[in-house]
Structure formats: C-alpha cells, structure tokens
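# Architecture and fold: a report
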Amino acid sequence: MFNINLITVGKLKEEYLRAASAEYSKRLQAFCNLKITEIDECRLSDRPSEKEIKKALDTEAVNIMKHASGFIIPMCIEGKQMKSEKLSEKFESIAVSGCSEISFIIGSSYGLADSVKNAAGLKLSMSEMTFPHQLARIMLLEQIYRAFMISAGKSYHK
C-alpha cells in the first residue's frame with residue numbers, strides 16, 4: 001500500500017476544516033497509509049525583514065525535512081500545475097519506479113525555503129491564485145483522493 005505523508009507548517013484552526021481533513025483521511029484509508037505531520041510555524045515580528053523571514057523558513061525547513069521521505073512534492077507557486085488525471089498518472093509512475101512513499105509539503109504563508117524546493121522530485125502548484133494554507137491542505141487531500149479514485153477507475157472524479 002502507498003504511503004502518503006502530508007507535512008504542513010501550521011495547524012488547522014477551524015472545526016469545519018478539521019472535519020473536512022478527517023473525512024478525506026477516512027476516505028484515503030482504502031488507498032494509502034496517510035500520515036499528516038504539522039510543523040510549528042516560526043513566530044515573526046509584525047513587519048518581518050527579509051532576513052527574519054529567511055531565517056524562519058530555514059528553521060522550518062530543517063523540521064520539515066526530518067519528516068519528508070520518498071518522492072518529495074512541495075506545494076509552491078512556481079510549481080507545475082496539472083490536471084487530476086495527470087496527478088493520478090504521476091502516482092502510478094512513482095509506484096512503477098519502485099517508490100511507495102510520497103511526501104507532500106505545504107509551507108507557511110511565506111512559502112518554503114529553497115532547500116525544501118531543491119529536494120523536490122516535482123514542484124506542484126494548485127493554481128496561480130492564492131489560497132489560505134489551511135484551505136490548501138483540504139484541497140490537496142481532495143486531489144490526492146481524486147487521483148486514487150481515477151487510478152481505481154471509480155466515477156468520483158467526473
């Protein structure tokens with residue numbers, strides 16, 4: 001069975017988002033072992049300097065990479081956008097290559113350190129639009145579920 005790691009900076013605060021995460025986690029049990037790891041976001045001043053932001057991202061990167069393994073996919077604005085069917089094909093090609101683990105990474109509102117992006121097997125972007133990081137987690141879980149449903153030949157994705 002595939003192992004999916006979802007590593008996120010920050011926690012889900014709203015109950016409705018925690019409920020959505022729990023629902024997709026439950027659905028994904030049929031297809032993979034899902035592990036969600038929440039990394040603490042570094043506290044920054046109200047108006048952080050570029051240096052302060054870089055230091056925070058580097059600190060978060062160390063904590064992120066402690067949990068990342070297998071095929072690493074950071075979610076970042078400069079990443080590739082792809083349709084759900086292509087994501088499903090990507091899962092299949094990763095599995096065929098002999099890798100049974102994928103680590104998706106969602107950074108803080110300031111993004112991810114270059115060291116995390118440079119470890120990527122694929123940089124992925126959901127959209128050119130900006131979404132709250134908590135909502136991005138739910139959207140990503142839904143797309144992972146959709147990709148597995150497509151691979152299984154189920155009709156959910158239509």
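Before going into details, it helps to say that this report is about the structure given with it. Owing to the predicted nature of the structure, the values given are computational and were not obtained by experimental measurement.

### Considering the pattern of salt bridges
Within this structure, the stated rule accounts for nine salt bridges. The partner of Glu38 in a salt bridge is Arg137, and the shortest N-O contact between them spans 3.0 Å. Of this pair, Glu38 sits in strand E2 (residues 32-39) while Arg137 sits in helix H5 (residues 133-151); the two residues are 99 residues apart in sequence, bridging distant segments of the chain. Here Glu78 and Lys117 are joined by a salt bridge, their closest N and O atoms 2.8 Å apart. Taken as a pair, Glu78 in strand E3 (residues 71-80) and Lys117 in helix H4 (residues 114-118) lie far apart in primary sequence, 39 residues in all.

### With respect to the nonpolar core
The biggest cluster of nonpolar side chains holds 29 residues, and the ones touching the most others in it are Ile4, Ile73, Phe91, Ile102, Phe104, Ile144 and Phe148. Of all elements in the fold, only strand E1 (2-9), helix H1 (15-28), E3, helix H3 (84-96), strand E4 (101-106) and H5 reach the threshold of two or more residues within this core. A total of eight residues in this core trace back to one element, the largest contributor, which is H5. Non-local contacts of Ile73, meaning those with residues more than four positions away in its chain, are made with Ile102, Ser103, Phe104, Ile105, Leu122 and Leu124. Listed in part, the 13 residues of the second largest apolar core include Ile53, Ala61, Leu112 and Val116.

### Some words on the environment of Glu38
What makes Glu38 partly exposed here is its relative accessible area of 33%. The spatial distance from the C-alpha of Glu38 to the C-alpha of Ile64 is 9.0 Å, given a sequence separation of 26 residues. Beyond its immediate stretch of four places on either side in the chain, Glu38 contacts Thr8, Gly10, Lys11, Leu12 and Arg137. Here the side chain of Glu38 touches Arg137 through a polar contact of 3.0 Å, side chain to side chain.

### What to know about the sheet that holds E4
A sheet is described by the order of its strands in space; here four strands give the open sequence E2-E1-E4-E3, paired in parallel fashion. At either end of the open sheet lies a strand with only one pairing partner, and these are E2 and E3. With strand direction ignored, the average angle separating the axes of adjacent strands in the sheet is 20°. Here five bridges tie E3 to E4, and the two strands are oriented parallel to one another. Within E4, the position partnered with Ile73 by the bridge is Phe104. Contacts between H5 and the sheet are confined to E1, E2, E3 and E4, with E1 contributing the most and set at about 170° to the helix.

Quick notes on the rules
- Residues numbered from 1 in each chain as written.
- Predicted model: local features only at pLDDT ≥ 70, side-chain atom pairs only at ≥ 80, totals over all residues.
- Heavy atoms only, no water.
- Salt bridge = Lys/Arg side-chain N within 4 Å of Asp/Glu carboxyl O.
- Helix = DSSP H or I, 4+ residues; strand = E, 2+ residues; numbered from the N terminus.
- Core = buried A, V, L, I, M, F, W, Y, C linked by side-chain atoms within 4.5 Å.
- Buried < 20%, exposed > 50% of the residue type's maximum accessible area, 1.4 Å probe, protein only.
- Contact = heavy atoms within 4.5 Å.
- Polar contact = N/O pair within 3.5 Å; in protein donor to acceptor, adjacent residues only side chain to side chain.
- Pairing = 2+ DSSP bridges.
- Axes fitted to C-alpha atoms, helices over the stretch in contact; angles between N-to-C directions.

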